[in-house]
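Notes for the structure review
The residues making up each chain are set out below.
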Amino acid sequence: MNTGQHLRDALVQAQQQGLDRLDAQMLLLLALGRGLNHRAWLLAHDTDPMPTGAATRYAELVRRRLAGEPVAYLAGEKAFFGLRLQVDPRVLVPRPDTETLVQWALDVLAPTPARPRFLDLGTGSGAIALAVKSQLPNVAVSATDASADALTVARSNAERLGLAVDFHAGSWLQAVPGERFDVIASNPPYIAEGDPHLVALGHEPLSALTSGRDGLDDIRTLIASAPTALAAGGWLLLEHGHDQAAAVRALLVQQGFGQVASRCDLAGIERCSGGIWPQQR
């Protein structure tokens, strides 16, 4: 980035290097020490001179973004369901698609009497668990992850947001032996090994992305084991890939779940599937 240029010039130059316009704006705000929601300010001040220090910071941020590093890692945070979550390469970046799963969990939990129990399996940054707790404070929320690094991030987010969540280390339900929940939700790894889309996700933890040759290995495990941890009439809700809904529904039906259905994300894609564990078997 050249010194003596205006903010507008820096944005144009970044886009000429191949950066998306929105990314260029957000990175410039970071370089200027402003919040990512100050885009209107940026548009109103695009003829302001670029400070020398900011120009150096911006050049480095642009370089890292062009190398594929997510904006959320560069910013150190990501907005999710009204919360600002701290994120870094130890955890996946929370996606807007996952808000569909959170909303389904809230819809199921809200009418439940007494103090329902909710479990988020593979919590990562804590996004799902913290979103549910923030919306329904009366719910007893637990969350698990096999990654100690991820749990460190999740616990930090919970403490910073002042949300009480019980975190447990371990692989899936092995982390909460003998416990039962009214709703279990998970955004597990569901990308097939060797999927070409993985190239664009190279900066995020691979173990949180892939699951066998068809991407369904972890989902099979969760569907098979969830009944031992669900209260009678409890729900299992799973996020999955854009083309996996029919397969996941079939697995749920085969296991004996009822009221099996899928929900679409904002793009109209079947993003989550779930079912209820019968009162009697």
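Before reading further, recall that the structure is shown in the block above.
Now for a quick tour of the structure. This is a predicted model, so every value here is computed, not measured.

**Things to note about the sheet that holds strand 8 (residues 258-264)**
With mixed pairing, the seven strands of this open sheet are ordered in space as 5-4-3-6-7-9-8. Strand pairing shows two members of the sheet lacking a second neighbour, strand 5 (166-169) and strand 8, which therefore form its edges. The sheet shows a mean angle of 15 degrees between the axes of neighbouring strands, taken without regard to direction. Running at roughly 155 degrees to strand 3 (residues 117-121), helix 7 (residues 127-135) makes contact with strand 3 and strand 4 (140-145) of the sheet.

**Points about the packing of helix 6 (residues 99-109) against helix 7**
Across the interface, helix 6 lies against helix 7 with an axial gap of 10 Å and an inter-helix angle of 40 degrees. Of the possible angle classes, the one that applies to helix 6 and helix 7 is oblique. For the pair helix 6 and helix 7, the crossing hand works out as right-handed. Within the contact between the two elements, helix 6 uses Leu 101, Val 102, Ala 105, Leu 106 and Leu 109 and helix 7 uses Ile 128, Ala 131, Val 132 and Gln 135.

**Some thoughts on the nonpolar core**
Grouped burial of nonpolar side chains is what soluble globular proteins tend to show. In terms of nonpolar packing, the biggest core is built from 34 residues, with Val 102, Phe 118, Val 132 and Leu 237 touching the most fellow members. Broken down by secondary-structure element, the contributors of at least two residues to this core are strand 2 (83-86), helix 6, helix 7, strand 4, helix 8 (148-161), strand 6 (181-186), strand 7 (230-239) and strand 9 (270-276). The element best represented in this core is helix 6, accounting for seven residues. Residues within four places of Val 102 in sequence aside, it is in contact with Phe 80, Phe 81, Ile 128, Ala 131 and Val 132.

**Some points on helix 7**
Most of helix 7 sits out of view: seven of its nine residues are buried. Residues of helix 7 that are buried include every one of Ala 127, Ile 128, Ala 129, Leu 130, Ala 131, Val 132 and Lys 133, and no others. Where helix 7 is buried, its residues touch strand 1 (77-80), strand 2, helix 6, strand 3, strand 4 and helix 8.

**Quick look at the pairing of strand 7**
The element strand 7 is extensively covered by neighbouring structure, given that seven of its 10 residues are classed as buried. Across five bridges, the pairing between strand 6 and strand 7 is parallel. Directly across from Val 183, in strand 7, lies its bridge partner Trp 235. Both strand 7 and strand 9 contribute to a ladder of five bridges, which runs antiparallel.

**Overview of helix 1 (residues 7-16)**
Within helix 1, the full set of buried residues consists of Leu 7, Ala 10, Leu 11 and Ala 14. What you see down the axis of helix 1 is that its buried residues fit within an arc of 100 degrees, all on one side. Looking at the packing, one finds that the buried side of helix 1 touches helix 2 (21-31), helix 3 (39-44) and helix 4 (52-66). Directly beyond the C-terminal end of helix 1, a positive phi value near 110 degrees is found at Gly 18.

Thresholds, definitions, all that
Residues numbered from 1 in each chain as written. Predicted model: local features only at pLDDT ≥ 70, side-chain atom pairs only at ≥ 80, totals over all residues. Heavy atoms only, no water. Pairing = 2+ DSSP bridges. Helix = DSSP H or I, 4+ residues; strand = E, 2+ residues; numbered from the N terminus. Axes fitted to C-alpha atoms, helices over the stretch in contact; angles between N-to-C directions. Contact = heavy atoms within 4.5 Å. Parallel < 35°, antiparallel > 145°, perpendicular 65-115°, else oblique. Left-handed = near helix turned anticlockwise from the far one by under 90°. Core = buried A, V, L, I, M, F, W, Y, C linked by side-chain atoms within 4.5 Å. Buried < 20%, exposed > 50% of the residue type's maximum accessible area, 1.4 Å probe, protein only. Arc of directions from axis to C-beta.

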